[in-house]
Each structure stands twice: as C-alpha cells, then as structure tokens.
Amino acid sequence: AAGVIQSPRHLIKEKRETATLKCYPIPRHDTVYWYQQGPGQDPQFLISFYEKMQSDKGSIPDRFSAQQFSDYHSELNMSSLELGDSALYFCASSPQRSTGELFFGEGSRLTVL
Amino acid sequence: AQSVTQPDIHITVSEGASLELRCNYSYGATPYLFWYVQSPGQGLQLLLKYFSGDTLVQGIKGFEAEFKRSQSSFNLRKPSVHWSDAAEYFCAVGMNSGYSTLTFGKGTMLLVSP
C-alpha cells in the first residue's frame, strides 16, 4: 500500500540558509500534518492543512512556513536556519478530518551546521 | 488541551519477560489513543489504536493495550518481549470530535537484556 512520502530523507544546511521539505500524502488523504522531533525528544506538532487550507497551528517558528498544494502535497519552508532546527521532520496524513488516525512518513532529517 | 504522560523514561526487560509501558492522558472527553514505536533514526510505526468500543485493543507484533477511563490510562503490554522490540515507544492522544492533531508523550525507551 502507498505510504506517506517525504523528501529529501536527509538534508545538511549551514546556519542562516533556507531549506524546503516535501511531503506527498497517501492518495485520497486530504489532511497533512507536520511534526518536528528534536534529538531525544517527542514529536512536536508544527502545522496542519485540510483541503489546502491551514487548519491548525502548533509550535511553528515564524521563520517557518508551509502550504498544501492542489495535488495535496505539502511543503515546509524553513528560513534563517539555526542550529536548534536540526531535527527529524515528520509529515503525516489522514483520510478524513474526524478519524484522528495519522499515517506518518519516514521523516526528513535536517542537520544545520 | 490534551496531554500525555509517560512516567518511565527508560525500561529494561529481560528477553522473554512480560512488558507493560504506562501512559496516562488528560482530556475532557473520551479521546482517541495511540501507541507508536520508533527505532533509532526511523519513522513512527503505529502499534495500535483505541477509538471506542472494546477497551482491550490488539495491535501488531503481539502488543495489546487497555483503555481504563477511571484511571485515564492506556497502558501497553506484551506477554513475552523479543530483542527486536527494543525501541522507543510513544503514547499519543487525539480528540474524538472532528479534526484533531495528535499530542505525544515524551516516550519510553525499551531496552531488552539477554
């Protein structure tokens, strides 16, 4: 079965650079979520989209932005990168708003040097 | 807002012994509850979930969990642990009405000794 696809899987950037992560949800899933997991931490909710509109916002820094496109894929844009942004970024999708079950991708590991 | 507490940061269990990982949640109504497992550097794999109905839910890899409303708990159990079960386990809670993000606990690292 198709899963959530995230790219790139690994990314290395310098401080103050910009990074873009992409997420392709499971087909027919209309909701996408982004989570950030720092080293040794639990996943923290950043932002989510339902039907291409932002539906919820968590602890996402102002330097970060995201959007969901017409084909339902989503991109997380991170600017002015800081060392503390080094983390595993998960995208998840869900098939309908009321299900509550999230299907996670393998994650994109961002390292900021 | 919902929250999840996993009181044990690390647990060591002998291979073949039984396992119980604790999870307590805080939420005003009946929540959606999940257990995820994560191997180092890997993604989150769903072990099992509770939405409603039977309070004892079966998951993959021989895991089960029991929802106890009176204790606000959703503990994960396995009767006999295998070395391959060594990983980090996250309990998560979501709201049961409409759109919901998941809130994760801090995780419990399971170590399996020979």
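Residues numbered from 1 in each chain as written. Chains lettered and ligands numbered in written order. Predicted model: local features only at pLDDT ≥ 70, side-chain atom pairs only at ≥ 80, totals over all residues. Heavy atoms only, no water.

**Q** It is not clear to me how the sheet that holds strand β8 (residues 74–78) of chain A should be interpreted in this structure. Could you clarify?
**A** What links the strands of a sheet is backbone hydrogen bonding, and the strands pair in either a parallel or an antiparallel sense. All names here are of chain A. On the basis of which strands lie adjacent, the open sheet formed by four strands has the order β1-β3-β8-β7 and antiparallel pairing. Where the open sheet ends on each side, the last strands, each with one partner, are β1 (5–7) and β7 (64–68). Taking the axes of each pair of neighbouring strands and ignoring which way they run, one obtains an average angle of 15° across the sheet. Pairing geometry for β1 and strand β3 (residues 19–24), over three bridges, is antiparallel. Bridge assignment links Ile5 to a residue of β3, and that residue is Tyr24. (Pairing = 2+ DSSP bridges. Helix = DSSP H or I, 4+ residues; strand = E, 2+ residues; numbered from the N terminus. Axes fitted to C-alpha atoms, helices over the stretch in contact; angles between N-to-C directions.)

**Q** Quick question: what am I supposed to make of the side chain of Ser93 of chain A here?
**A** Residues and elements named next belong to chain A. Here Ser93 shows up in strand β9 (residues 87–94). Residue Ser93 is classed as buried on the basis of its relative accessible area, which comes to 0%. Within the local environment of Ser93, its side chain forms a polar contact with the backbone nitrogen of Ile26, the two atoms lying 3.4 Å apart. When sequence neighbours within four positions are dropped, the list of residues in contact with Ser93 reads Val4, Pro25, Ile26, His29, Thr31, Val32, Tyr33, Glu101, Leu102 and Phe103. (Buried < 20%, exposed > 50% of the residue type's maximum accessible area, 1.4 Å probe, protein only. Polar contact = N/O pair within 3.5 Å; in protein donor to acceptor, adjacent residues only side chain to side chain. Contact = heavy atoms within 4.5 Å.)

**Q** I'm lost on the pairing of strand β6 (residues 53–57) of chain A in this one. Help?
**A** Side-chain direction in a regular strand flips from residue to residue, so the side chains alternate between the two faces of the sheet. All names here are of chain A. The pairing of strand β5 (residues 44–50) with β6 spans four bridges and is antiparallel. Across the sheet, Phe49 pairs through a bridge with Gln54, a residue of β6. Between β5 and β6, which follow one another and run antiparallel, lie two residues, and Glu51 among them has a positive phi close to 50°.

**Q** I would appreciate a short explanation of the interface of chain A and chain B in the present structure.
**A** Many descriptions give the size of an interface as the accessible area lost when the pieces come together. Contacts between the two partners involve 24 residues from chain A, matched on the other side by 20 residues from chain B. Of the roughly 1800 Å² buried between chain A and chain B, counting both surfaces, carbon and sulfur atoms make up 52%. Asp42 of chain A serves as the salt-bridge partner of Lys106 of chain B, at 3.2 Å between the closest nitrogen and oxygen. Elements that contribute at least two residues to the side of chain A that touches chain B include exactly β4 (31–37), β5, β6 and β9 of chain A. When residues in the side of chain A that touches chain B are grouped by element, the largest group, four residues, is from β4 of chain A. (Buried area = accessible area lost by both parts, 1.4 Å probe. Salt bridge = Lys/Arg side-chain N within 4 Å of Asp/Glu carboxyl O.)

**Q** Explain the nonpolar core to me, please; I cannot follow it from the model alone.
**A** As a rule of thumb, soluble globular proteins bury nonpolar side chains together. All names here are of chain B. Counting residues in each nonpolar core, the largest one holds 26 residues, and the members touching the most others are Leu19, Trp35, Leu47, Leu48, Phe74, Leu76 and Tyr89. For this core, the elements supplying multiple residues, two or more each, are β2 (10–14), β3 (19–21), β5 (32–38), β6 (45–50), β8 (64–68), β9 (73–78), β10 (87–94) and β12 (108–113). Among the elements that take part in this core, β10 stands out by supplying four residues, more than any other. Not counting residues within four places of it along the chain, the set of residues in contact with Leu47 comprises Trp35, Tyr36, Val37, Gly59, Ile60, Lys61, Phe63, Leu76 and Tyr89. (Core = buried A, V, L, I, M, F, W, Y, C linked by side-chain atoms within 4.5 Å.)

**Q** Can you walk me through the state of the cysteines in this structure?
**A** What we call a disulfide is simply a covalent bond connecting the sulfur atoms of a pair of cysteines. This model, assessed by the stated rule, comprises two disulfides over all chains. Note that Cys23 of chain A is cross-linked by a disulfide to Cys91 of chain A, the S-S spacing being 1.7 Å. Across the S-S bond linking Cys23 of chain A and Cys91 of chain A, the dihedral sits near -60°, which makes this disulfide left-handed. With Cys23 of chain A in strand β3 and Cys91 of chain A in strand β9, this pair connects stretches of sequence that are 68 residues apart. What pairs with Cys23 of chain B in a disulfide is Cys91 of chain B, and their sulfur atoms sit 2.0 Å apart. Here Cys23 of chain B and Cys91 of chain B share a disulfide; its torsion about the S-S bond, -65°, makes the bridge left-handed. Linking Cys23 of chain B in the loop between β3 and β4 (24–26) with Cys91 of chain B in strand β10, this pair joins segments that are 68 residues apart in sequence. The exposure class of Cys91 of chain B is buried, given its relative accessible area of 0%. (Disulfide = S-S within 2.5 Å.)

**Q** How should I be thinking about the packing of aromatic side chains in this particular structure?
**A** The description of an aromatic ring pair uses the distance of the two centres, along with the angle that the planes make with each other. Residue and element names in this part refer to chain B. In total, this model carries 16 aromatic pairs over all chains according to the counting rule given. Consider the rings of Tyr36 and Phe104, whose centres lie 5.8 Å apart with planes at 50°: the pair is tilted. With Tyr36 in strand β5 and Phe104 in strand β11 (residues 102–104), the pair connects residues that are 68 residues apart, well separated along the chain. You'll find Tyr36 and Phe104 in the same group, each marked buried. (Phe/Tyr/Trp six-rings, centres within 6.5 Å; stacked < 30°, edge-to-face > 60°.)

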